[in-house]
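Residue-level structure breakdown
Residues per chain, in single letters:
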Amino acid sequence: MKQILVAPGLTAPTFETVKDLSSFCFKKVEEFLRRIGVGDATLRISVDKVSKFYEVKFEVLDFPGTNPFVKVADYNLRKAIHKAYTKIKKMLMSRKS
């Protein structure tokens with residue numbers, strides 16, 4: 001499974017935080033996709049800083065049908081990534097059935 005992380009404009013320490021948190025989320029989503037039989041998908045997370053907010057976009061590419069996509073904005077980067085992960089997981093679970 002391919003993983004793409006896009007975070008232009010973030011400083012090195014912030015990028016490392018994003019990398020660590022997203023790798024955790026990628027592993028969880030990847031395991032879930034394997035269980036439902038979608039092992040060829042590509043996972044992409046994009047992070048941008050817009051004013052005081054961190055905008056996190058989480059997308060599963062090459063998914064059968066339409067690609068699941070979530071966009072979350074929050075002041076706290078960790079919370080934003082966690083919210084996006086939670087939403088994409090719920091979306092995938094609803095599409096499973």
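Residues numbered from 1 in each chain as written. Predicted model: local features only at pLDDT ≥ 70, side-chain atom pairs only at ≥ 80, totals over all residues. Heavy atoms only, no water.

Each helix and strand in the protein chain was counted, giving two helices and four strands. Sequence-ordered secondary structure for the protein chain, helices as α and strands as β, is β-α-β-β-β-α. In terms of overall size, the protein chain behaves like a compact globule, its C-alpha atoms giving a radius of gyration of 13 Å where 97 residues would be expected to give roughly 13 Å. Summarising its shape, the C-alpha atoms of the protein chain cover approximately 40 × 20 × 20 Å along the three principal directions. (Helix = DSSP H or I, 4+ residues; strand = E, 2+ residues; numbered from the N terminus. Rg over C-alpha atoms; globule rule 2.2 N^0.38 Å.)

Right, let's get into helix 1 (residues 12-36). Between the first and last C-alpha of helix 1 there are 35 Å, a value that for 25 residues agrees with the 36 Å anticipated at 1.5 Å per step. Among the residues making up helix 1, those that are buried are T14, V18, L21, S22, C25, F26, V29, E30, F32 and L33. Just downstream of helix 1 lies G37, where phi reads positive at about 90°. (Expected span 1.5 Å × (residues − 1). Buried < 20%, exposed > 50% of the residue type's maximum accessible area, 1.4 Å probe, protein only.)

In the structure shown here, the tally under the stated rule is five salt bridges. Residue E59 pairs with R44 through a salt bridge whose shortest N-O separation is 2.4 Å. With E59 in strand 3 (residues 53-61) and R44 in strand 2 (residues 42-50), the pair connects residues that are 15 residues apart, well separated along the chain. The buried category is assigned to E59, whose relative accessible area is 13%. Here R44 falls in the partly exposed class, since its relative accessible area comes to 29%. Salt bridges here are not isolated pairs; linked through shared partners, they connect E55, K57 and K71. (Salt bridge = Lys/Arg side-chain N within 4 Å of Asp/Glu carboxyl O.)

Looking now at the sheet that holds strand 3. Pairing in this open sheet of four strands is mixed, and the strands run 1-2-3-4 from one edge to the other. Here the strands that pair on one side only, and so sit at the sheet edges, are strand 1 (2-6) and strand 4 (69-74). Each adjacent strand pair in this sheet contributes to an overall mean axis angle of 10°, direction not counted. Two strands pair when backbone bridges link them, and strand 2 and strand 3 are joined in this way by nine bridges, in the antiparallel orientation. Bridge pairing in strand 3 links V47 to V56. Contacts between helix 1 and the sheet are confined to strand 1, strand 2 and strand 3, with strand 2 contributing the most and set at about 150° to the helix. (Pairing = 2+ DSSP bridges. Axes fitted to C-alpha atoms, helices over the stretch in contact; angles between N-to-C directions. Contact = heavy atoms within 4.5 Å.)

This part takes up unusual backbone geometry. Within the chain, S51 stands out as a residue other than glycine whose phi angle is a positive 60°. Within the fold, S51 resides in the loop between strand 2 and strand 3. With a phi angle near 60°, D62 is a residue other than glycine that sits in the positive phi range. In this structure, D62 sits in the loop between strand 3 and strand 4.

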